[in-house]
Amino acid sequence: MKELKITVKDLNLYYGAKQALKNITINIPSKQVTAFIGPSGCGKSTFLRVLNRMNDLIDHVNLDGEVLIDGINIYDKSIDVVNLRKRVGMVFQKSNLFPKSIFENLVFGLRLNGIRDKNILMETAELTCKQAAIWDEVKDRLDEPALSLSGGQQQRLCIARALAIKPEIVLMDEPASALDPISTAKIEELIHHLKTKYTIVIVTHNMQQAARVSDYTAFFYMGELIEYDKTSKIFTNPTIKQTEDYVTGRFG
């Protein structure tokens with residue numbers, strides 16, 4: 001395994017009295033794509049949100065265990081959560097663009113961080129759109145409403161916006177589940193290119209997609225991490241029968 005970026009040890013998470021994640025331990029390598037698979041409600045999206053403390057926004061959530069990024073526990077009281085979320089960007093299942101222009105969506109995070117220099121804003125918008133493979137489609141439309149774009153374009157714009165604040169890790173929660181096959185293929189190709197610069201963690205219910213885009217795959221079931229290994233092994237020769245049953249479609 002390559003150099004580690006994220007290390008999780010003995011993590012338990014509770015929504016009130018209900019335990020949603022049970023004793024999760026996992027090492028996620030740097031600049032690789034790690035996919036979380038498993039049936040609906042198995043805890044994979046909850047665990048993804050653990051990695052940038054998005055669950056902090058939900059009432060009555062408690063957790064114990066350690067979540068380390070570059071060896072530092074992100075749940076330590078000294079951690080600035082705003083800075084953490086700059087380092088750990090997030091792309092959601094449904095594109096969550098603001099009712100603003102394409103350009104203003106792209107530079108929203110920069111403006112929030114006090115950057116006003118037009119040259120920096122423009123350079124960042126162009127760079128991140130090129131990284132997200134959407135620049136040629138929007139370069140002459142930057143003043144148009146972001147919501148005038150197609151669904152696939154909106155999702156790539158969300159990825160560009162997430163990249164604008166220069167994260168180290170990009171979390172993606174089913175980023176292609178609402179898209180047509182052509183847009184999905186573009187997002188998958190994009191993920192493949194982005195891993196040269198970013199550590200990517202993707203939740204997907206689409207097993208073929210996990211097999212295509214990821215280097216490592218974690219199979220979750222009922223709040224537990226059942227198996228975690230190289231994607232090629234999980235899909236061709238899993239160690240645990242439950243994993244085999246799931247990836248071959250016998251249940252789930």
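As shown above, the structure is provided for reference.
Described below are features of the structure shown in this document. Source: prediction; values computed, not measured. (Residues numbered from 1 in each chain as written. Predicted model: local features only at pLDDT ≥ 70, side-chain atom pairs only at ≥ 80, totals over all residues. Heavy atoms only, no water.)

1. Thoughts on the environment of Asp 56
- Assignment of secondary structure puts Asp 56 in the loop between helix H1 (44–50) and strand S4 (61–69).
- Residue classification places Asp 56 among the partly exposed residues on the basis of a relative accessible area of 37%.
- Once the C-alpha coordinates of Asp 56 and Thr 217 are considered, the two residues, 161 residues apart in sequence, prove to be 26 Å apart.
- Aside from chain neighbours lying at most four places away, what touches Asp 56 is Tyr 75, Val 81 and Arg 85. (Helix = DSSP H or I, 4+ residues; strand = E, 2+ residues; numbered from the N terminus. Buried < 20%, exposed > 50% of the residue type's maximum accessible area, 1.4 Å probe, protein only. Contact = heavy atoms within 4.5 Å.)

2. Thoughts on the side chain of Arg 161
- As for its position among the elements, Arg 161 is in helix H7 (residues 151–164).
- Here Asn 96 takes part through its side chain, which lies 3.0 Å from a polar atom of the side chain of Arg 161.
- Here Arg 161 is in contact with Asn 96, Leu 97, Phe 98, Asn 105 and Leu 106, once residues within four sequence places are set aside. (Polar contact = N/O pair within 3.5 Å; in protein donor to acceptor, adjacent residues only side chain to side chain.)

3. A short note on the sheet that holds S4
- Spatially, S2-S1-S4-S5 is the arrangement adopted by the 4 strands of the open sheet, whose pairing is antiparallel. On the outer flanks of this sheet lie strand S2 (18–29) and strand S5 (72–73), each paired with one strand and no other.
- Note that strand S1 (residues 4–15) and S2 share 8 bridges and pair antiparallel. Bridged to Thr 7 within S2 is Asn 27. (Pairing = 2+ DSSP bridges.)

4. Digging into the state of the cysteines
- For the structure shown, the criterion picks out 0 disulfides.
- Cys 158 takes part in no disulfide bond, and the closest cysteine sulfur, belonging to Cys 129, lies 11 Å away.
- Here Cys 158 falls in the buried class, since its relative accessible area comes to 4%. (Disulfide = S-S within 2.5 Å.)

5. A word on the pattern of salt bridges
- Applying the stated criterion across every chain yields a total of 15 salt bridges.
- In this structure, Lys 139 and Asp 136 form a salt bridge, with 3.7 Å as the shortest nitrogen-oxygen distance.
- Take Lys 139: its relative accessible area is 39%, and that puts it in the partly exposed class.
- On the basis of relative accessibility, which here comes to 63%, the residue Asp 136 falls in the exposed class.
- One salt-bridge network, in which partners are shared between bridges, spans Lys 5, Asp 70, Arg 87 and Glu 168. (Salt bridge = Lys/Arg side-chain N within 4 Å of Asp/Glu carboxyl O.)

6. A few points about the packing of aromatic side chains
- Tallied over the full model, the rule gives 6 aromatic pairs.
- The interplanar angle of 40° and the centroid separation of 4.3 Å between the aromatic rings of Phe 98 and Phe 108 together place this pair among those described as tilted. Of this pair, Phe 98 sits in the loop between strand S6 (88–91) and helix H3 (102–106) while Phe 108 sits in helix H4 (residues 108–112), placing them 10 residues apart in sequence.
- Looking at Phe 98, the relative accessible area reads 27%, which means it is partly exposed.
- Taken together, Phe 36, Phe 47 and Phe 220 form an aromatic cluster joined through their ring pairs. (Phe/Tyr/Trp six-rings, centres within 6.5 Å; stacked < 30°, edge-to-face > 60°.)

7. Considerations on the sheet that holds strand S10 (residues 224–230)
- Sheet architecture is open: 6 strands sit in the order S6-S7-S8-S3-S9-S10, paired in mixed fashion. The sheet terminates laterally at S6 and S10, the two strands that pair on one side only. Pairs of neighbouring strands in the sheet enclose a mean axial angle of 15°, with direction left out of account.
- Direction of pairing for strand S3 (residues 33–37) relative to strand S8 (residues 199–203): parallel, over a ladder of 4 bridges. What sits directly across from Phe 36, in S8, is Val 203.
- Running over the sheet, H7 touches S6 and strand S7 (169–173) and is turned about 170° from S6.
- Across the sheet, helix H8 (residues 181–194) lies against S3, S7 and S8, angled at about 150° from S8, the strand it touches most. (Axes fitted to C-alpha atoms, helices over the stretch in contact; angles between N-to-C directions.)

So, to be careful, I would describe these as geometric facts and stop short of saying anything about function.
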